[in-house]
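# Architecture at a glance
Below, each chain spelled out in residue letters.
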Amino acid sequence: MSWLVLIVSGFLEAVWATALGKSDGLSRPMPSVIFGITLVASMVGLAYAMKDLPVGTAYAVWVGIGASLTVGYGMWSGAETTSLAKILLIMGIVACVVGLKVLH
């Protein structure tokens, strides 16, 4: 269960990071509300997962999922440039996250 919660929390990290970027310094209400709600939910999930998983593993997986999805969304939406190098590097992050799960 902890792994599932951690994965969902990683997805929520990508949501709050994206919402923070769209909030224009927390001056736009809707993205700011989405940021706040998903930030708290993501942190609660991370804390829950850390009851059963080592802190380093849980944090690395959480950040890896969130960062990969945030960059992927940025490339998909056109907010970031897309290149083969970026895609390969993101795939490397994903491979490391999977590796941490396999080794646990």
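This text follows the structure it describes.
As a starting point, this report considers the structure included with it. (Residues numbered from 1 in each chain as written. Predicted model: local features only at pLDDT ≥ 70, side-chain atom pairs only at ≥ 80, totals over all residues. Heavy atoms only, no water.)

### Points about the pattern of salt bridges
Defined as follows: A side-chain nitrogen of Lys or Arg and a carboxyl oxygen of Asp or Glu constitute a salt bridge if their distance falls within 4 Å. Exposure is judged per residue with a 1.4 Å probe applied to protein chains only, and the accessible area is read against the type maximum: over 50% gives exposed, under 20% gives buried, and values in between give partly exposed.
Following the criterion strictly, the structure yields one salt bridge and no others. For E80, the salt bridge identified is with K86, shortest N-O distance 3.2 Å. Overall, the relative accessible area of 26% leaves K86 in the partly exposed class.

### Description of the packing of helix 1 (residues 2-22) against helix 2 (residues 29-49)
The condition is simple: Orientation is described by axes fitted as lines to C-alpha atoms, over the contacting stretch for helices, and by angles from 0 to 180 degrees between their N-to-C directions. Helix numbering and strand numbering both begin at the N terminus, where a helix is a DSSP run of H or I of at least 4 residues and a strand a DSSP run of E of at least 2. Roughly parallel means an angle under 35 degrees; roughly antiparallel, over 145; roughly perpendicular, 65 to 115; everything else is oblique. Two helices crossing with the near one rotated counterclockwise from the far one by less than a right angle form a left-handed crossing, whereas a clockwise rotation gives a right-handed crossing. Residue contacts are defined here by distance: any two heavy atoms, one from each residue, within 4.5 Å place the two residues in contact.
Here helix 1 crosses helix 2 at 155°, and the two axes come no closer than 8 Å. One element, helix 1, and the other, helix 2, form an angle in the roughly antiparallel class. In this structure, the crossing between helix 1 and helix 2 has a hand that is left-handed. Where helix 1 approaches helix 2, its residues S2, V5, L6, S9, L12, E13, V15, W16, A19, L20 and K22 are matched on the opposing element by P31, I34, F35, T38, L39, A41, S42, G45, L46, Y48 and A49.

### A few points about the packing of aromatic side chains
The relation between two aromatic rings is expressed through the spacing of the ring centres and the mutual angle of the planes. What counts, and what does not: Paired rings are identified among Phe, Tyr and Trp, the last through its six-membered ring, by centres lying within 6.5 Å, and are further divided according to the angle between planes into stacked (under 30 degrees), edge-to-face (over 60) and tilted (the rest).
In this structure the tally under the stated criterion is three aromatic pairs. Relative to F35, the ring of W16 lies with its centre 5.9 Å away and its plane at 70°, an arrangement referred to as edge-to-face. With W16 in helix 1 and F35 in helix 2, this residue pair connects regions lying 19 residues apart in the sequence. Per residue, the accessibility class of W16 equals that of F35, and both read buried. Ring geometry for Y59 against W62: centres 5.7 Å apart, planes inclined by 35°, an arrangement best described as tilted. Of this pair, Y59 and W62 are both found in helix 3 (residues 55-77), three residues apart, which corresponds to roughly one turn of the helix. The class of W62 is buried, set by a relative accessible area of 4%.

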